[in-house]
Amino acid sequence: MKLVGSRIVAIDAMLDPAIHVVDSKRLRRLGAYGRKGDGPGEFKDPDHIVTEAADSREEVWILDGIHQRLTLVSLGQIEAGTVHAPETSQMDGPNAGSLVRAPDGRWFGGGWITGGRVARYNADRSYDRTILGFPSEAGEAPGTTLPQAYESWVVADPAGERLAAATLLGGLLEIFDYDGVLIAQAAVPEPFQPAWVQGRSRSGRAVLSVGPETRYGFSDLAATRGYLYGLFSGNQLMEDGTPWATTEVQVFTWDGEHVKTLHLDRAAETIAIDASDTWLYATGPDPRPWLARYRLPES
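Structure report, in brief. Each chain carries its own residue numbering, running from 1 in the direction its sequence is written. Side-chain atom pairs in this predicted model are given and counted only at pLDDT of 80 or more, local residue features only at pLDDT of at least 70, and totals for whole chains, interfaces and linings cover all residues. Excluded from the side-chain calculation are hydrogens and water; included are all heavy atoms of the structure.

1. So, the overall build of the chain
Within the chain, the regular secondary structure consists of two helices and 25 strands. Over its C-alpha atoms the chain spans a radius of gyration of 18 Å, differing by no more than 12% from the 19 Å that the globule rule assigns to 299 residues. Dimensions of the chain along its principal axes, counting C-alpha atoms only, are 50 × 45 × 40 Å. Only protein chains enter the accessibility calculation, which uses a 1.4 Å probe; a residue whose area is less than 20% of its type maximum is buried, one above 50% is exposed, and one in between is partly exposed. Sorting the 299 residues of the chain into buried and exposed places 53% on the buried side. Here the analysis covers contacts within the chain between residues at least 6 apart in sequence; of these, 43% occur between residues at least 24 apart. Only the protein chains shown count as cover for residues, and the accessible areas themselves come from Shrake-Rupley with a 1.4 Å probe. As displayed, the chain has an accessible area near 13,600 Å², and 47% of this comes from carbon and sulfur atoms. Charge assignment: positive for Lys and Arg, negative for Asp and Glu; neither His nor the chain ends contribute. Charge positions come from single atoms, namely NZ of Lys, CZ of Arg, CG of Asp or CD of Glu. The average position of the 28 basic charges and that of the 40 acidic charges among the side chains of the chain differ by 4 Å. Strands here are runs of E lasting at least two residues and helices are runs of H or I lasting at least four, both read from the DSSP assignment and numbered beginning at the N terminus. Atoms considered for the radius of gyration are the C-alpha atoms alone. The globule rule reads 2.2 Å times the number of residues to the power 0.38. Should any heavy atoms of two residues lie within 4.5 Å, those residues are considered in contact.

Right, here's the structure in full:
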C-alpha cells in the first residue's frame, strides 16, 4: 500500500492480481486494474509500489516479483477504466522485493540481494552494486540462505541522503547513506537476529530452513520526513493464521531513536503514513480484507 497525493494505491496479490485506487479520505474505491498472466500489463506476483517521481501524483510503478518487471500505470486511467497497454520495464541485477526511488532519482532495493541486503540501481534502473552487506553476526552460509534470512524492507528519507532497512525475519532496523555507510542502528525494543538452519531445496540448492525458533520481525516499513514507522510482529513463523500480521507499530527518528510504540485495534499486514504524520493507514487480512485510517497521536 502507498499514499500518492489524495489517493491510496493498494495491491491485491492473493487471488486475481489487481491494483486498487482508493480515496484516502472517504476510503472509497475509485477503480481497479489487473489481470493474471505473463504478458505485458499482466501480473503474476505484484508485490511493491514505487512512485514514478517525487512530485508525481498520477503514475506509479508496480513491481512484479516473479517476473522482476516494473509496470507503469496511470491512476487516472485506472479510475476511468482506460488502461490498455501500460509501459513495462525489466529490472536489472539481483532479485528485488522491496523498491524505493530516492530523491536524487536512483533506485534502491531489498529482497534476495546478491552478497547483501540492499542493492543500488541507477536512475535508468540498471544495476549498480550491492551497498549493504550482511551483519558480522550472520557468519557465512552457501546459496540463497543469507539473502532469505536477511530479506529487508527499504525506504528513503523524503528529505534525501538517508535510507533505512528493516529485516522481515529479524528485529533489525538500520539507517545508512546512499553508499551503505551505517549512520545508526535503531534502538529496536526487542532486537534479534534471524534464526535459521541450513537447508536444501529438492534440487539440492542450499536454502534457508525455518523452525519453531524462526520469527517475523518487521512486516512493513514506512517513512516520512520526520519518522520511520515499523510494523513489528515478533510472532513465530510457524504459527497458525497470519503470524506476520500485528497490531504493533514502532516509531523511530531518522537518527534511530525509538520514540514510541503504537497499538492498532486489529492486526495489520501493511501500513502507510501521510506526509504530515497525521494519519496512519493500515490493511489486514482477517476476518476479511480490510482498510482503515487512524489518527496519529500528536506526541
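2. Observations regarding the sheet that holds strand 15 (residues 173-176)
Within the open sheet, the four strands sit side by side as 13-14-15-16. Their pairing is antiparallel. The two strands at the open ends of the sheet, each matched to only one other strand, are strand 13 (152-156) and strand 16 (182-185). Across the sheet, the axes of successive neighbouring strands diverge by a mean angle of 20 degrees, strand direction being ignored. Each pair of strands is called paired provided DSSP finds at least two bridges between the two strands. Across five bridges, strand 13 lies against strand 14 (residues 163-167) in antiparallel orientation. When the sheet's bridge partners are listed, Val-155 is paired in strand 14 with Ala-164. Axis lines are fitted to C-alpha atoms, over the contacting stretch for helices. Their N-to-C directions set the angle, which ranges from 0 to 180 degrees.

3. Quick notes on the side chain of Gln-68
The residue Gln-68 is located in the loop between strand 6 (59-64) and strand 7 (69-74) in this model. Assessed through its relative accessible area of 8%, Gln-68 is described here as buried. What Gln-68 contacts, discounting residues up to four positions off in sequence, is Gln-90, Met-91, Pro-94, Asn-95 and Ala-96.

4. Considering the packing of aromatic side chains
Two rings from Phe, Tyr or Trp (for Trp, the six-membered ring) form a pair when their centres are within 6.5 Å of each other. A pair whose planes differ by under 30 degrees is stacked, one over 60 is edge-to-face, and the rest are tilted. One pass over the structure, following the stated rule, counts nine aromatic pairs. Each ring, one from Tyr-216 and one from Trp-244, has its centre 6.0 Å from the other, and the planes form 70 degrees; the classification is edge-to-face. One end of the pair, Tyr-216, is in the loop between strand 18 (206-209) and strand 19 (218-223); the other, Trp-244, is in the loop between strand 20 (228-232) and strand 21 (246-252), and 28 residues separate them in sequence. Classification of Tyr-216 by relative accessible area gives buried; the value is 14%. A residue is classified by how much of its surface remains accessible, and Trp-244, at 29% relative accessible area, is partly exposed. Cation over ring: Arg-125 sits above Trp-61, and NZ or CZ is 4.7 Å from the ring centre. Taking the ring centre of Trp-279 as reference, the NZ or CZ of Arg-295 above it sits at 5.1 Å. Two limits define a charge over a ring: the Lys NZ or Arg CZ must be within 6 Å of the ring centre, and within 35 degrees of the ring normal.

5. Brief notes about the sheet that holds strand 20
In space, the four strands of this open sheet follow the order 19-20-21-22, with antiparallel pairing throughout. Across the chains shown, the open sheet's two edge strands, defined by having one partner strand only, are strand 19 and strand 22 (258-268). Strand-to-strand twist across the sheet, computed as the mean angle between neighbouring axes with direction ignored, equals 20 degrees. For strand 21 and strand 22, the ladder comprises six bridges, and the chain directions are antiparallel. The partner of Glu-248 across the bridge, within strand 22, is His-263.

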